[in-house]
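Okay, here's what each chain looks like letter by letter:
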Amino acid sequence: MNFLITGGSGFVGKNLYKRIKVNSDKNDNIISLSSKDADLRHATSLEKFNNIKFDKIYHLATWHQAGDFSLTHSGEQWINNQLINTNLLNWWLKYQSNAKLISIGTSCSYEENGSLEEKDYLTGSPTSSLFSYAMCKRMLYIGQQNLAKQFGLKYLTLVPSTLYGPGYSLQNKIPHFIFDIIKKILLAKKYNNKVELWGDGSQKRELMHINDFLNQLFLLENKYENELINLGAGQEYEIKYFAKIICDLTEFDFKKIFFNKDKYTGAKSKNLSVKKIKKILPDYNQLSLYDGIKETIEDLREKI
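Rules used in this analysis
Residues numbered from 1 in each chain as written. Predicted model: local features only at pLDDT ≥ 70, side-chain atom pairs only at ≥ 80, totals over all residues. Heavy atoms only, no water. Helix = DSSP H or I, 4+ residues; strand = E, 2+ residues; numbered from the N terminus. Rg over C-alpha atoms; globule rule 2.2 N^0.38 Å. Buried < 20%, exposed > 50% of the residue type's maximum accessible area, 1.4 Å probe, protein only. Contact = heavy atoms within 4.5 Å. Areas by Shrake-Rupley, 256 points an atom, 1.4 Å probe, with all protein chains shown as cover. Lys, Arg positive; Asp, Glu negative; His and termini not counted. Charge placed at Lys NZ, Arg CZ, Asp CG, Glu CD. Core = buried A, V, L, I, M, F, W, Y, C linked by side-chain atoms within 4.5 Å. Expected span 1.5 Å × (residues − 1). Phe/Tyr/Trp six-rings, centres within 6.5 Å; stacked < 30°, edge-to-face > 60°. Lys NZ or Arg CZ within 6 Å of the ring centre and 35° of its normal. Salt bridge = Lys/Arg side-chain N within 4 Å of Asp/Glu carboxyl O. Polar contact = N/O pair within 3.5 Å; in protein donor to acceptor, adjacent residues only side chain to side chain. Pairing = 2+ DSSP bridges. Axes fitted to C-alpha atoms, helices over the stretch in contact; angles between N-to-C directions.

It is worth spelling out the overall build of the protein chain at this point. If you tally the helices and strands in the protein chain, you get 9 helices and 12 strands. Rg of the C-alpha trace for the protein chain: 19 Å, near the compact-globule value of 19 Å for 304 residues, within the 12% margin. For the protein chain, the spread of C-alpha atoms along the principal axes amounts to about 60 × 45 × 40 Å. The buried share of the protein chain, reckoned over its 304 residues, is 51%. If you take every contact in the protein chain between residues at least 6 apart in sequence, the share linking residues at least 24 apart comes to 79%. Entry remark: accessible area of the protein chain is about 14900 Å², with carbon and sulfur atoms responsible for 47%. Of note, the protein chain has its 41 positive side-chain charges centred 2 Å away from the centre of its 33 negative side-chain charges.

As for its position among the elements, His-42 is in the loop between β2 (29-33) and β3 (56-59). When the C-alpha positions of His-42 and Lys-303 are compared, they lie 34 Å apart, and in sequence the two are 261 residues distant.

Note on soluble globular proteins: their nonpolar side chains tend to be buried together. In this structure, Ile-178, Phe-213, Ile-257 and Ile-293 are the most contacted members of the largest nonpolar core, which totals 54 residues. Take this core: its biggest share by element is 8 residues, from helix α5 (residues 177-191). Ranked by size, the runner-up nonpolar core spans 29 residues in total, among them Leu-46, Phe-54, Leu-88 and Val-159.

In this section: helix α3 (residues 74-95). Over its 22 residues, α3 extends 31 Å from the first C-alpha to the last, a length consistent with the 32 Å expected when each residue adds 1.5 Å. The set of residues buried in α3 consists of Gln-77, Asn-80, Asn-81, Gln-82, Ile-84, Asn-85, Asn-87, Leu-88, Leu-89, Trp-91 and Trp-92.

Here the structure, examined in full by the defined rule, presents 12 aromatic pairs. Plain terms: the ring middles of Tyr-237 and Phe-242 are 6.1 Å apart, the flat faces sit at 85° to each other, and that makes the pair edge-to-face. These aromatic residues form a ring-pair network of at least three members: Tyr-110, Tyr-121, Tyr-141 and Tyr-155. The ring of Phe-259 carries Lys-240 above its face, with NZ or CZ at 6.0 Å from the centroid.

Taken as a whole, this structure holds 9 salt bridges when the rule is applied. With its nearest N and O atoms 2.8 Å apart, the salt bridge here joins Arg-41 to Asp-39. In this structure, Lys-303 and Asp-299 form a salt bridge, with 3.0 Å as the shortest nitrogen-oxygen distance. Taking relative accessible area as the criterion, Lys-303 reaches 42% and is therefore assigned partly exposed. Take Asp-299: its relative accessible area is 17%, and that puts it in the buried class.

In this structure, Asn-113 takes a positive phi of about 65° despite not being glycine. One can find Asn-113 in the loop between β4 (100-104) and α4 (131-151). Among the residues examined, Asn-113 registers a relative accessible area of 82% and is labelled exposed.

Glancing now at the side chain of Gln-144. Within the secondary structure, Gln-144 sits in helix α4. Here the side chain of Gln-144 touches Ser-103 through a polar contact of 3.0 Å, side chain to side chain. Apart from residues no more than four positions distant in its own chain, Gln-144 is found in contact with Leu-89, Trp-92, Leu-101, Ser-103, Tyr-155 and Thr-157.

Sheet strands pair by backbone hydrogen bonding; their relative direction is either parallel or antiparallel. Here we have 6 strands laid out as an open sheet, ordered β2-β1-β3-β4-β5-β10, and parallel in their pairing. In the strand order of this sheet, the two ends are held by β2 and β10 (227-231), each with one partner. Each neighbouring strand pair of the sheet contributes to a mean axis angle of 15°, computed without reference to strand direction. Docked against the sheet, α3 engages β1 (2-6), β3, β4 and β5 (154-160), running at close to 175° with respect to β3. The sheet strands contacting helix α6 (residues 210-220) are β3, β4, β5 and β10, and the helix crosses β5 at an angle near 155°.

This is the structure:
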């Protein structure tokens, strides 16, 4: 079989490549692309792969960073992500119509304070601070829907909660919240400093371990097509709660954390509905949050 991964240098891409490699036959061909290998903003970036007939295309590439990046780069986000997605979809239609396209959506596409159920992915106005990025993800999904409708192509869109676990790189980017908290606490412990976290700590987030995400992806990808499915933990917690777990695991004094209420906090809550995935995989049990954070701390400790 032939597999193609876009966004292969990212956290999900690297872990996905390793898992496919482990699970694949020795004759399988796995091509993992970073923007250096193929800048998808250019229409001709995938031409060199036209003659390879891929069985699965994992589209992870996106122009985005965590934190307040979307507030300061909203215009660039719109143009770059629209180019990336349109070029990939056009290439899929023209040269890879037999391949199944598996893409990643975002919880930010759901309406703020909405149900966060799959049926409402295109309903209402997305999270205001991430509006441009969220709408690009909606457009990607609409593109897949309509190419499938007109040309009979097959796709699967998975919408995960924030992913965490080992293998995350801290270089040259704003880390996602859980990695950022761990990094700050580890550095503060190392140099005997205090920690500043943005917001009052009451904003809530939901985490899914990267291995749980990949496990469920592989369970779904051959059985479901032309669907959008949320992959969440089913429960969210306050930032303060995550910080307390990390303090406990690193033996850092929680009282040395300062919550800056004047800083950007993003959405107040992002708890995905998991009704659909619970019906599909009723017996799947995810790694405990405590064990997952412990594993992530140990991995990041070696990088700081």
